[in-house]
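Here's the letter readout for the chains.
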Amino acid sequence: MKTKMVTQTDSSHKQVINMHVQSQAVLEVLNLNVKYEDFHAVKNVSFSVQEGEIFGLLGPNGAGKTSCLSAVEGLLVPESGEIYVAGYDVKKQGLLARANMGVQLQATSFQPELNVMEILKLYSGIYGVDLTKEKMDSILNNINLRESRSKKFGQLSGGQQQRVSLVIALIHEPKLVLLDEPTTGLDPQARRQLWERMEALRNMGHGILLTTHSMEEAEAVCDRVSIIDHGQIINTDTPGGLIDKHRNNPEVIRASRKGKITLEDVFIGLTGSQVRV
Ligand SMILES: Nc1ncnc2c1ncn2[C@@H]1O[C@H](COP(=O)(O)OP(=O)(O)O)[C@@H](O)[C@H]1O
Ligand SMILES: [Mg+2]
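These lines cover the structure that appears in this document, whether it is placed above or below.

Each value, and the rule that gives it
Residues numbered from 1 in each chain as written. Chains lettered and ligands numbered in written order. Predicted model: local features only at pLDDT ≥ 70, side-chain atom pairs only at ≥ 80, totals over all residues. Heavy atoms only, no water. Helix = DSSP H or I, 4+ residues; strand = E, 2+ residues; numbered from the N terminus. Buried < 20%, exposed > 50% of the residue type's maximum accessible area, 1.4 Å probe, protein only. Contact = heavy atoms within 4.5 Å. Areas by Shrake-Rupley, 256 points an atom, 1.4 Å probe, with all protein chains shown as cover. Near = heavy atom within 4 Å. Polar contact = N/O pair within 3.5 Å; in protein donor to acceptor, adjacent residues only side chain to side chain. Nonpolar A, V, L, I, M, F, W, Y, C, P; charged D, E, K, R; others polar. Axes fitted to C-alpha atoms, helices over the stretch in contact; angles between N-to-C directions. Parallel < 35°, antiparallel > 145°, perpendicular 65-115°, else oblique. Left-handed = near helix turned anticlockwise from the far one by under 90°. Salt bridge = Lys/Arg side-chain N within 4 Å of Asp/Glu carboxyl O. Phe/Tyr/Trp six-rings, centres within 6.5 Å; stacked < 30°, edge-to-face > 60°. Pairing = 2+ DSSP bridges. Expected span 1.5 Å × (residues − 1). Arc of directions from axis to C-beta.

## Details of the overall build of the chain
Thought 1: Secondary structure summary: the chain contains nine helices and twelve strands in total.
Thought 2: Every one of the 277 residues in the chain was classed for burial, and the buried ones make up 47%.
Thought 3: For the chain, the share of sequence-separated contacts (at least 6 apart) that also reach a separation of at least 24 residues comes to 61%.
Thought 4: Put simply, the chain shows about 14600 Å² of open surface, and 48% of that area lies on carbon and sulfur atoms.

Here is the structure:
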């Protein structure tokens with residue numbers, strides 16, 4: 001495990017003590033750079049996700065969010081930088097790092113002709129998880145798919161598919177959960193339900209890294225966010241902190257559409273109003 005050097009002031013003795021403490025970060029990304037041939041997609045990105053935290057990478061299309069996640073997942077080799085998952089170096093201890101992360105697969109990654117129970121069995125087998133009948137029942141109840149357990153994946157609604165793919169990502173109880181734009185395409189009910197599931201995961205101590213371009217989502221569930229654009233992190237704070245930091249800055253808040261200043265006003269101010277495709 002990685003330890004971190006911290007400086008602590010002992011108030012009674014006015015003395016500075018250096019000590020090693022166990023890092024509580026489930027993910028640490030340090031000076032990450034990703035290049036696609038000549039194109040520099042991620043530039044010196046650093047952030048961390050703590051246990052029991054929902055952290056959002058917030059950025060417009062093409063900002064570099066998925067590239068950051070792909071590097072964490074080990075799907076691409078970064079140009080430079082360090083990544084630790086639960087203290088394990090993704091480069092040197094890839095298997096251990098991956099054992100501690102859960103990645104929500106896109107719905108299209110599942111075979112549509114398999115039914116819900118078959119998918120649960122298949123992925124339990126892949127992750128080496130002993131799926132007892134009790135566990136299967138409890139999962140099906142938990143994701144509200146008991147009635148639909150024999151339905152083919154392809155016949156499920158978008159929200160139901162989302163619940164299956166999230167539960168698969170969690171089947172080995174990973175410390176870090178990675179969700180790439182998980183609510184895109186969901187209706188408001190399914191989206192709200194997913195937010196509640198994320199909050200439940202956070203309360204169980206999982207750390208969640210989420211990408212989104214929805215300000216509403218960031219304000220609703222994220223404990224902290226990094227605003228990323230053109231591959232660079234512009235600012236990292238709590239959603240409320242970002243608003244407070246910029247609310248009196250006319251350079252950032254050029255026009256507020258709703259009367260009160262929102263995260264969206266800050267986001268547009270920091271990333272520009274040009275539409276990205
Ligand atoms: N495999 C790739 N080859 C070349 N360029 C890529 C590749 N993947 C992404 N990019 C480019 O890198 C930038 C960041 O992409 P991405 O990480 O997917 O952004 P986001 O997820 O924030 O929309 C974009 O300009 C995109 O076109
Ligand atoms: Mg993306």
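## Describing the site of ligand 1
Thought 1: Every residue near ligand 1 is listed here: Tyr36, Phe39, Ala41, Pro60, Asn61, Gly62, Ala63, Gly64, Lys65, Thr66 and Ser67.
Thought 2: A distance of 3.1 Å separates an oxygen atom of ligand 1 from a polar atom in the backbone of Ala63.
Thought 3: Side-chain polar atom of Ser67 to an oxygen atom of ligand 1: 2.6 Å apart, as the coordinates give it.
Thought 4: Protein contact buries 58% of the 560 Å² of open area that ligand 1 shows by itself.
Thought 5: Among the secondary structure elements, those contributing two or more residues to the shell around ligand 1 are strand E4 (39-50) and helix H1 (65-73).
Thought 6: In terms of residue class, the shell around ligand 1 is made up of five nonpolar, five polar and one charged.

## As for the packing of helix H3 (residues 116-127) against helix H4 (residues 133-142)
Thought 1: Following both chains from N to C, one finds H3 and H4 inclined at 125°, their axes separated by 11 Å at the closest point. In terms of orientation, H3 and H4 fall into the oblique class. Relative to H4, the crossing made by H3 is right-handed. Counted together, Val116, Met117, Leu120 and Lys121 of H3 and Met136, Ile139 and Leu140 of H4 form the full contact between these two elements.
Thought 2: When grouped by side-chain class, the residues that make up the contact of H3 with H4 number six nonpolar, no polar and one charged.

## Examining the pattern of salt bridges
Thought 1: Applying the stated rule across the entire model yields nine salt bridges.
Thought 2: For the salt bridge of Asp237 with Lys245, the shortest nitrogen-to-oxygen distance reads 3.2 Å.
Thought 3: Bridged by salt links that share partners, the residues Lys133, Asp137 and Arg146 form one connected network.

## Points about helix H9 (residues 263-271)
Thought 1: Along H9, the residues classified as buried are Leu263, Asp265, Val266, Phe267, Gly269 and Thr271.
Thought 2: Buried residues in H9 make contact with strand E5 (54-58), helix H7 (215-221), strand E11 (224-229), strand E12 (232-237) and helix H8 (239-246).
Thought 3: Just past H9, the residue Gly272 takes up positive phi, approximately 90°.

## A look at the packing of aromatic side chains
Thought 1: By the definition in use, this model includes three aromatic pairs.
Thought 2: Between Phe47 and Phe55, the ring centres sit 5.3 Å apart and the planes meet at 10°, which makes this aromatic pair stacked.
Thought 3: When its relative accessible area of 0% is taken as the criterion, Phe55 is described as buried.
Thought 4: Note on Phe110 and Phe153: the rings are 5.0 Å apart at their centroids and 55° apart in plane angle, and the pair reads as tilted. In this pair, Phe110 sits in the loop between strand E8 (101-103) and H3 while Phe153 sits in the loop between H4 and helix H5 (158-169), placing the two residues 43 residues apart along the sequence. Here Phe110 and Phe153 have matching classes, each one buried.

## Points about the sheet that holds strand E3 (residues 25-36)
Thought 1: Pairing is antiparallel across the open sheet formed by four strands, whose spatial order is E4-E3-E6-E7. Either end of the sheet is taken by a strand with one partner, and the two such strands are E4 and strand E7 (88-89).
Thought 2: With five bridges joining them, E3 and strand E6 (residues 80-85) adopt antiparallel strand pairing. When the bridges of E6 are listed, Val29 appears paired with Ile83.
Thought 3: Contacts from H1 reach E3, E4 and E6 within the one sheet, and its direction differs from that of E3 by about 115°.

## A few points about helix H6 (residues 188-203)
Thought 1: Its 16 residues place the ends of H6 23 Å apart at the C-alpha level, agreeing with the 22 Å of an ideal helix rising 1.5 Å per residue.
Thought 2: By the burial criterion, the buried members of H6 are Ala190, Arg191, Leu194, Trp195, Arg197, Met198, Leu201 and Arg202. For H6, the angular spread of buried residues about the axis comes to 160°, placing them on one side. Across H6 from its buried face, at more than 90 degrees, point the exposed residues Pro188, Gln189 and Asn203.
Thought 3: On its buried side, H6 packs onto E5, H4, H5, strand E9 (176-180), strand E10 (207-212) and H7.
Thought 4: Gly205 sits one or two positions beyond H6 and adopts a positive phi of about 100°.

## A closer look at the sheet that holds E10
Thought 1: The mixed open sheet is built from six strands, whose spatial order is E8-E9-E10-E5-E11-E12. Every other strand in the sheet has two partners, leaving E8 and E12 as the edge strands with one partner each. Taken over all neighbouring pairs, the strand axes of this sheet differ in orientation by 20° on average, direction set aside.
Thought 2: Looking at chain direction, E5 and E10 are connected through five bridges and run parallel. Paired with Gly56 across the two strands is Leu210, which belongs to E10.
Thought 3: Against the sheet, H1 makes contact with E5, E8, E9, E10 and E11, and its axis sits at roughly 145° relative to E9, the strand it touches most.
Thought 4: With respect to the sheet, H9 is in contact with E5, E11 and E12, its orientation differing from that of E11 by roughly 30°.

Geometric descriptors of this kind do not, in isolation, establish any biological role.
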